[in-house]
Amino acid sequence: MEFYPAALQAFPNQKHKAALTVLSAVPAPTAGRALTRRGLVALLHRSGRRNDSSLVDQIPTDLHAPALNQPQQVEDALGHAVTGLLGIIAAMHTAVESLERNLPGYSTHIRWRRFSDRLPAWDPC
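As the structure is a computational prediction, the values presented were derived from the model and not from experiment. (Residues numbered from 1 in each chain as written. Predicted model: local features only at pLDDT ≥ 70, side-chain atom pairs only at ≥ 80, totals over all residues. Heavy atoms only, no water.)

Here we look at the environment of D57
Step number 1: With respect to the helices and strands, D57 occurs in helix α5 (residues 53-63).
Step number 2: Residue classification places D57 among the partly exposed residues on the basis of a relative accessible area of 40%.
Step number 3: On a C-alpha basis, the gap between D57 and R37 in space is 8.0 Å, while along the polypeptide they are 20 residues apart.
Step number 4: In terms of polar contacts, D57 uses its side chain to reach the side chain of R37, at 2.5 Å. (Helix = DSSP H or I, 4+ residues; strand = E, 2+ residues; numbered from the N terminus. Buried < 20%, exposed > 50% of the residue type's maximum accessible area, 1.4 Å probe, protein only. Polar contact = N/O pair within 3.5 Å; in protein donor to acceptor, adjacent residues only side chain to side chain.)

So, in structure tokens, the structure goes:
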């Protein structure tokens, strides 16, 4: 994600559901700069976030921060890599949620938390 420092600033925890949802929609800097406030609110609602005006103000500020740019073809390729990695993380979340629903009383969530906290930050570069 070093090619997209604005995303790292906007979402220090890329494993959070809101980060996964927003970054799946805007996986590269050009897309992030084009994200509208209304679009962001819709993405945050889709991820289950409530209407937090400070968050809705801060994320676009971070995504619009000036940064060095990659050539468009490189940025597009890295954006596709990010999309793929986010898909893997989303699938892992879905699998854990399914386990939690189907194994009542089992502390899967606690075990997943311990496991996911040890995962390295994902970085396509």
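Once the structure has been displayed, the description carries forward.
Here we look at helix α6 (residues 72-102)
Step number 1: In this model α6 runs 45 Å from its N-terminal to its C-terminal C-alpha over 31 residues, within 8% of the 45 Å that 1.5 Å per residue would give.
Step number 2: For α6, the full list of buried residues reads E75, L78, G79, V82, L86, I89 and V96. (Expected span 1.5 Å × (residues − 1).)

Some remarks on the side chain of S47
Step number 1: With respect to the helices and strands, the residue S47 is situated in the loop between α4 (37-46) and α5.
Step number 2: In this structure, S47 is in contact with K17, A18 and T21, ignoring residues within four places of it in sequence. (Contact = heavy atoms within 4.5 Å.)

Notes on the nonpolar core
Step number 1: Within the largest apolar cluster, 24 residues are counted, with the highest numbers of intra-cluster contacts made by Y4 and V22.
Step number 2: Those elements that place two or more of their residues in this core are α1 (5-10), α2 (17-25), α4, α5 and α6.
Step number 3: In terms of residue count, the dominant contributor to this core is α2 (five residues).
Step number 4: Excluding residues within four positions of it along the chain, Y4 makes contact with L23, V26, P27, A28, P29, G32 and L63. (Core = buried A, V, L, I, M, F, W, Y, C linked by side-chain atoms within 4.5 Å.)

A word on the side chain of T21
Step number 1: Assignment of secondary structure puts T21 in helix α2.
Step number 2: Residues in contact with T21, not counting those within four places in the same chain, are L43, R46 and S47.

Description of the packing of α4 against α5
The relative placement of two packed helices is expressed as an angle between their axes plus a distance between the axes.
Step number 1: With their axes 10 Å apart at the nearest point, α4 and α5 run at an angle of 120° to one another. With respect to each other, α4 and α5 are oriented oblique. Crossing angle aside, the handedness with which α4 passes α5 is right-handed. Residues R37, L40, V41 and L44 of α4 pack against L55, V56, D57, I59 and P60 of α5.
Step number 2: Counted by class, the contact of α4 with α5 contains seven nonpolar, no polar and two charged residues. (Axes fitted to C-alpha atoms, helices over the stretch in contact; angles between N-to-C directions. Parallel < 35°, antiparallel > 145°, perpendicular 65-115°, else oblique. Left-handed = near helix turned anticlockwise from the far one by under 90°. Nonpolar A, V, L, I, M, F, W, Y, C, P; charged D, E, K, R; others polar.)

Quick notes on the pattern of salt bridges
Step number 1: In the structure shown here, the tally under the stated rule is one salt bridge.
Step number 2: With its nearest N and O atoms 2.5 Å apart, the salt bridge here joins R37 to D57. Here R37 is found in helix α4, whereas its partner D57 is found in helix α5, with 20 residues between them in sequence.
Step number 3: With relative accessibility at 45%, the residue R37 sits in the partly exposed group. (Salt bridge = Lys/Arg side-chain N within 4 Å of Asp/Glu carboxyl O.)

Let's talk about α4
Step number 1: Within α4 the residues assigned to the buried category are L40, L43 and L44. The buried residues of α4 all sit within an arc of 100° when viewed along its axis, so they share a single face. In this structure, α4 carries R38 and R46 as exposed residues pointing more than 90 degrees from its buried face.
Step number 2: The inward-facing, buried residues of α4 abut α2 and α5.
Step number 3: Directly beyond the C-terminal end of α4, a positive phi value near 95° is found at G48. (Arc of directions from axis to C-beta.)

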